[in-house]
Structure formats: structure tokens, C-alpha cells
Amino acid sequence: MKQAPTTSTPQPSGQTDRRGFLGVAAAGLAGILLAPGVRLIEIAQAAPANPVTGANPKVRWGMLIDSTKCASGCTDCVTACNTENGLSGGTLPTDSQWIRKIEIKEVKTGKTQSLPMMCQHCAEPPCVDVCPTGASFKRADGIVLVDKHICIGCRYCVMACPYKARSFVHESLSNQKPDVPRGMGTVEGCTLCVHKVDRGESPACVQACSAAGHGAIVFGDLNNPESEISKRVASYATRQIREDLNLDTGVRYIGI
Amino acid sequence: MKITLRQLEGRSAGYYGLLGALALLTGIGLAAAWYMEHHGHIVTGMNNQIVWGLPHVFAVFLVVAASGALNVASMASVFGKTAYKPLAPLSALLALALLVGGLTVLMLDLGRPDRLIVAMTHFNFKSIFALNVILYSGFMGLVVVYLWAMMERRMNPYSSLVGFGAFLWRLALTTGTGSIFGFLIGRQAFGSALMAPLFIVLSLSYGLAVFLLVLLGASHWSRRPLDAAMQARLARLLAIFVATAAYFVLVYHLTNLYFAKQGGLERFLLLEGGLYTTLFWLGQMLLGSLLPLILLLHPRSSQSRAMIVLAALLVILGGMAQMYVTIIGSQAYPLVLFPGHQVSSSFGDGVVSAYAPTLPEWLLGLGGFAMVGVIVVLALKLLGFLPERMDQLADSH
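Residues numbered from 1 in each chain as written. Chains lettered and ligands numbered in written order. Predicted model: local features only at pLDDT ≥ 70, side-chain atom pairs only at ≥ 80, totals over all residues.

## Quick word on the overall build of chain B
The following threshold applies: Comment: elements are numbered from the N terminus, with helices defined as DSSP H or I runs of at least four residues and strands as E runs of at least two. Put plainly, a residue is buried at 20 or more neighbouring C-beta atoms within 10 Å of its own, exposed at 12 or fewer, and partly exposed in between, counting only other residues' C-beta atoms, which are placed from the backbone. Residue pairs qualify as contacts under a 7 Å threshold applied to their C-beta atoms, which are placed from the backbone.
Across its full length, chain B holds 13 helices and three strands. Seen along its three principal axes, the alpha-carbon backbone of chain B occupies a region of about 70 × 45 × 40 Å. Taking all 397 residues of chain B together, the buried fraction comes to 51%. Of all intrachain contacts in chain B linking residues separated by at least 6 positions in sequence, the fraction that spans at least 24 positions is 77%.

## As for the overall build of chain A
The secondary structure content of chain A amounts to seven helices and ten strands. Looking at the 256 residues of chain A, the share that counts as buried comes to 40%. By sequence separation, contacts in chain A at least 24 residues apart represent 61% of the contacts at least 6 residues apart.

## Looking at the environment of Leu202(B)
Residues and elements named next belong to chain B. If you trace the backbone, Leu 202 turns up in helix H8 (residues 195-221). Residue Leu 202 is classed as buried on the basis of its C-beta count, with 29 C-beta atoms lying within 10 Å. The spatial distance from the C-alpha of Leu 202 to the C-alpha of Phe 61 is 9.2 Å, given a sequence separation of 141 residues. Apart from residues no more than four positions distant in its own chain, Leu 202 is found in contact with Val 64, Ala 245 and Gly 319.

## Some points on the nonpolar core
Residues and elements named next belong to chain B. Note the cut-off: Nonpolar cores are identified as sets of buried Ala, Val, Leu, Ile, Met, Phe, Trp, Tyr and Cys residues joined via C-beta atoms within 7 Å.
Counting residues in hydrophobic clusters, the biggest one holds 193 residues, and the most contacted among them are Leu 94, Leu 98 and Leu 238. Considering each element in turn, this core owes the most residues, 16 residues, to H8. With sequence-adjacent residues up to four places away left out, Leu 94 is seen in contact with Ala 69, Val 210, Phe 211, Val 214 and Val 376.

## Focus on the pairing of strand E1 (residues 61-66) of chain A
Residues and elements named next belong to chain A. As a reminder, the rule being used: Two strands qualify as a pair provided DSSP detects at least 2 bridges between them.
In terms of burial, E1 is largely enclosed, as six of its six residues are buried. Burial along E1 is two-sided: Trp 61, Met 63 and Ile 65 facing one way and Gly 62, Leu 64 and Asp 66 facing the other are all buried. Where E1 lies against strand E8 (residues 217-221), five bridges are found, and the strand directions are antiparallel. In the strand pairing of E8, Gly 62 is matched with Gly 220. In this sheet, strand E10 (residues 251-254) lies alongside E1 in parallel orientation, the contact comprising four bridges. The residue bridging Ile 65 from the neighbouring strand is Tyr 253, located in E10.

## Remarks on the confidence of the model for chain B
Condition: A residue's pLDDT is the predictor's confidence in that residue, given on a scale from 0 to 100.
Per-residue confidence for chain B averages 95 on the pLDDT scale, and 98% of its residues sit at or above 70. Quick note on the complex model: pTM equals 0.90, ipTM equals 0.94.

## Let's talk about helix H1 (residues 13-39) of chain B
All names here are of chain B. How we decide: A helix is expected to reach a length of 1.5 Å times the quantity of its residues less one.
Between its first and last C-alpha, H1 extends 39 Å over 27 residues, near the 39 Å set by a 1.5 Å rise per residue. Check the buried side of H1 and you find it contacts helix H4 (88-108) and helix H13 (359-382). Two residues or fewer after H1 comes Gly 40, characterised by a positive phi angle close to 90°.

## Side note on the sheet that holds strand E3 (residues 112-118) of chain A
Heads up, the condition is: Here an angle of 0 to 180 degrees is reported between the N-to-C directions of two axes, which are lines fitted to C-alpha atoms, with helices fitted over the stretch in contact.
Strands sit in the order E3(A)-E2(A)-E2(B) across an open sheet of three strands; the sheet is antiparallel. Only two strands of the sheet have a single partner each, and these edge strands are E3 of chain A together with strand E2 (341-345) of chain B. Direction aside, the axes of adjacent strands within the sheet are offset by 30° on average. Relative to E3(A), strand E2 (residues 99-106) of chain A is paired through seven bridges, and the arrangement is antiparallel. Note that in E3(A) the partner of Lys101(A) across the bridge is Pro116(A). Along the sheet face, helix H2 (residues 76-85) of chain A touches E2 and E3 of chain A and points at about 160° away from the line of E2(A).

## With respect to the sheet that holds strand E9 (residues 238-239) of chain A
Here four strands make up an open sheet; going across it, the order is E8-E1-E10-E9 (chain A) and the pairing mixed. Looking at which strands have only one partner, the edges of the open sheet turn out to be E8 and E9 of chain A.

## Quick look at the interface of chain B and chain A
To keep things clear, this is the line we draw: Gly is put with the polar residues, along with every residue not named as nonpolar or charged; the nonpolar set is Ala, Val, Leu, Ile, Met, Phe, Trp, Tyr, Cys and Pro, and the charged set is Asp, Glu, Lys and Arg.
Counting residues at the interface gives 40 residues for chain B and 47 residues for chain A. Going through the elements one at a time, helix H5 (116-121), helix H6 (128-151) and E2 of chain B are the ones with two or more residues in the side of chain B that touches chain A. Per element, the largest residue contribution to the side of chain B that touches chain A is five residues, and it comes from E2(B). Considered class by class, the residues forming the side of chain B that touches chain A number 17 nonpolar, 18 polar and five charged. Bridge analysis of E2(A) against E2(B) gives five bridges, and the strand direction is antiparallel. Across the sheet, the residue bridging to Ile102(A) is Ser345(B), located in E2(B).

## Looking at the packing of H4(B) against H8(B)
Residues and elements named next belong to chain B. Note the following rule: What makes a crossing left-handed is the near helix being turned counterclockwise from the far one by less than a right angle; a clockwise turn instead makes it right-handed.
Contact geometry for H4 and H8: axes closest at 10 Å, N-to-C directions at 120°. H8 is crossed by H4, and the crossing has right-handed handedness. Residues Leu 90, Ser 91, Leu 94 and Leu 98 of H4 form the contact with H8, whose participating residues are Val 210, Phe 211, Val 214 and Leu 215. Along the lines of polarity and charge, the residues of the contact of H4 with H8 split into seven nonpolar, one polar and no charged.

## Structural notes on the confidence of the model for chain A
Confidence along chain A averages 87 in pLDDT terms, with 79% of residues attaining 70 or more. Throughout residues 1-16 of chain A the model reports pLDDT below 50, and contacts reaching past four residues in sequence, or to other chains, amount to 14 contacts.

## Concerning unusual backbone geometry
All names here are of chain A. One non-glycine residue, Leu 192, lies in positive phi territory at about 60°. By secondary structure assignment, the location of Leu 192 is in the loop between strand E7 (187-189) and helix H5 (194-197). Positive phi outside glycine occurs at Asn 246, with the angle close to 60°. Position of Asn 246 relative to the elements: it lies in the loop between E9 and E10.

## Here's the deal with the environment of Met195(B)
Residue and element names in this part refer to chain B. On the secondary structure map, Met 195 appears in helix H8. For Met 195 and Val 51, which are 144 residues apart along the polypeptide, the C-alpha to C-alpha distance reads 20 Å. Excluding its chain neighbours within four sequence positions, the residues that come into contact with Met 195 are Gly 178, Ser 179, Phe 181, Gly 182 and Phe 190.

## Things to note about helix H2 (residues 54-69) of chain B
In this model, H2(B) (16 residues) spans 22 Å end to end at C-alpha, consistent with the 22 Å of a helix rising 1.5 Å per residue. Counting buried residues in H2(B) gives 16 out of 16 residues, a clear majority hidden from the surface.

Spelled out as C-alpha cells, the structure:
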């Protein structure tokens, strides 16, 4: 090892304080050995202890999608989502798609329908159950999110989601939106535009659908009986996709 | 008979050649993992439809084989078959090495392998993955203690107790591995309590196949001939495990075939799935089950060492095919969101997903196997895991 800076007091020439040198060298070595460990502990503790601070437990955010108003071929909600969240909009199998349009056709009757599919923000989310680190979590107001700081990229949540609502970031990203943290090697999905919702706005897809004049998506608090979404859910026949799984989804559909 | 364990001499060119080749393969595997981590999973064949690819096939195979490799030791410690006792240390060593190899591949295939410390410090106990982290580490600790109890004279009295503990733990461990798939509600091929016992049976068959290969290899190269009666016993045992595994697979598919809603999945896996159908019938069933059964049970071939080696290799190959079909084939078949409807979207709804593993995935997986080899080859030289003589094992009690 090369001479380490040992002490501030000058040493008599030719007389190095060997013990002092050894002491500092040992301390330095210990530092080198311990630093990565300390750094790892920092990383481990970097995750906020309580990521749900601020969400109102009395609220259950949800969406009601009227597929009879959803036009086949219209992708305004998808485009709005991509723009809002900084997604590329690519549709390669490795590209992230937080919301997609599904065209369905009943085999027997030939009846066709179109509807958007995204994270259903389940009350009993399988992605949260299977996540080993707790990175996949549900906020008190029902929004299901991924904590990008503790996601290890195991993709178990992608396997567990019955709706294929999650994407894995396969390559490095640039030009990200400050409100929407993303990262290579982690899993992501519809956040219900949580950054907008927390500002009192509606998700980007809802706004775009409304601006296009379709008004096929209603967003609101499912727990508040006075909200428009609750009133509609109470008066129309609505469905959850894969009701058989009993996940109590926050996204409901009309007309399917 | 007194058992004397003795390490391999390990000074021949063959030994160093083998060790060097395995170390090189391990290094290449690690380099492949670094490449994958640097560029992201875009350099693999995996995508948002097939999220678990070839590395998982290798990793799950190795992890499953690990618990099964301990079986020979359990025969001695738990079931009182003392003839197997001299082979128990090798069995435990293999269990350790296979688990280390499998977990390394699994870990290096994470999107963020650098966050391993997060996986060790943040636990969601409802996740079978999180429980597996504990089951895997606990298993390693227990097997190390077990080895100590077997190989250190003063500790010998405890070897049965620790061996029993390790046996129970390995059952829990493979239950955990099978439940990774068993506890998935959304996928048609999974979500069945059968996955746990199926994986336990598979572990017995994969683990014993690997054990037999290593034992016969070590016996051949160290010139310690293996007792023919012991060889016959192990071969017969492997045949029983292969047959049991095939039975579980049969029940799995019969049950699915009975349910109308599973008809599409079964038609895909058994008839129309292309590569997956071929791997199932040719790989898993013919080469991995039927052929080994014939080789291991036929009066002539079951006496031949070469044929037993071939059978064990086939079981491993068939096992890899089975893991490929189970893990990847089941993801390739589209999730059913709207029964009775044709669906289409930009995200692969309603269509069979394509997947072709790339070179880095192969190298990472093979590197996992090589790492197992490095550990075993080094350990056999450093410590006495093998009995000095193996030609009278079956009569040793």
C-alpha cells in the first residue's frame, strides 16, 4: 500500500510513526471494507418507511367504463396516457403499455365491442400478494402502485396479474417525466395518474376520452354515495372483468 | 463396516482440465449476466408476455434438483437404510451446490440484481417468493450443519436428528418452489395445489439423476468402483421416481382435460403448441420418461453403467424440457379475459406469445450448471465427501 496521509503534525525526517501509520492504514482499510456495506444499508433504508402517507383511507378511487360509448379504433385514452406518463407509445412486445384497447367479438353472435384495459386497481390485488419485497403496494385510497426504489425486477407480479396490466422496463429510459418515476429493470403499470389525482384532477385517459366527446370513462370515489361513479354503479348493471376471481376491482365496465 | 471418507487426489491433468472448463463456463455465464444487467432485458428473448424465460427454466430445474439431491442422505438418516450412509455426504454436497447454482441464476436474471440486499431486508410474508428466500437460506444452513454432523466424529450422534430436520425442510422448500406456480390465480396452467407435490416428485427424480451422474463420474475417474448392488438399487429408485413423476403429470393433464374451460390450454400444450407440444411429447414424455424407464428396468440395460448414465442424462434433459413447457409454454398461451369471445389488442391479447431465448440467456443458464460443477469438483478435492472404497456398500450393514 502507498503511504497514507497519517497525521497533521510533521514527523522528524526518516522517522515515520509506524504505529500511527498502521493505525490509519487499518482504519482506511476498514473504511474500504465497510463502506460498501454501509452504502448497501443506505440503499436498503432508502425506501420510505410509509409510502402511503397522504392517501385518504375513506376514499376508494375507481373508474366506470361504458363500452357502448367506447369507439372501436379510437385510442385517445392510450395516447393521453403515453403523453402524460412519458411512455414511448411503441407496441413492440418489450414496450410498456399501461393502457391498451381490446377489441372483443362474441364468437356465437359476432357482436363486437371495444374497451380500454389497464390496471384494475383491485381491492385484493394479486400483484401485491406475490411481491416479495412489498414494492407492489396498494395505497389507502385503493390505488395500486409499484415502489420503484424497492422493486427488484423479479416480474412475479406480472405473472400474477390476471389482466396483463403490468409491463417490465426492458431498456434504459430517457426524457422521463418528473412526476412519473420509471426505471430499467423494474415493473410498472397504470398509476391511475396518481400525481394528477393527488392534485384533485382526473386521470389523463379520462380527460382525453371526455375531450374527444365520448365520455366513456367516469372517474371518482366509489366510497362516496354522492359521487357520479357511485350513482351510476348503483343504477346500471356493471361488471368486473374476471369477477370469478373475486378481486373487487376498482375499474368497472358497462355494456359487456 | 467402518466408513472412511477420503478426498480426491485431484492432481491429474483430467481433474484440472475439468475444473478449468467448468470455471471458464461459469465465468462466461457471469459475463452474460453482466451484459444483461448493463443493457437490460432487451438483449434477452423475454418480453412483456413471456416475462420468465430460459434463465428461469435453468434456475427452477437446479433449485428443484437441489432438494431432491438430498434424498440419498435422507434414505440413510431418516429411513434407516444404512447402506446409503457412506454416500450421504456427497448427497448433501450436491444439494448445496445445486441450490447455490440455481439461486445464482435466479438472482442474476432479476431486473435489478444489485438490489439483492433489498430482497434480504424487505419481506412481504404473504409472498411465497419472500418465504422462499427464508426457506432457501435456512436449507443451506441446515445442510451445512448436517454435513458437519456427518463428517465430524464428535457430531455424529446428532446426524440423524439434523438429517430429519433437513428432510422436513426440503419438503417445505420444494412445496415453496411448486407454490410459486401453485399460488398464481390468474394463469390457467397454474393455480393448483397439485403444483407443490408435483414439484416434490420431480425433485426426487431430477435430484437422483444428477446424484447418479456425479457418483458414477466420480467413481470412474477416481478409480473407486461402485458396488454393483448399490448401482442397481439407485437405478431402480430412479425408475420409481420417474414413473411417479409421469403419474403426476398424467393426473394434471387429465384433470385439466375434464374442465371445459381448460380445453384450450390443453389443446395448445398437447396438440397445437408447436415447440411446446414437441418438447412435451418428445422431450418430457418420450426421452425424459419412457426411455429412461425402459433403460432402468430392462434386465440387460439396467446392468450397464453406460445405460444408467444415459438414463440419468435423459431424465435431466426431459426435466429441462418439462420446465420449459411448464414455465414458458404456460405463459405463451394467452390469458383468457373474456370467455367465449375473440379478442385482439396491441398487447398480445388473444394470441400465442412468441419467445426465442438469446445467447446470453443460454450462457447464464449453462453457467449455473457449470457453477454447480466447480463447487462439487473443488469440494471433492478439499474434503472427504466420498468413501475411500465404494465396492461393498450394499453389504455394509
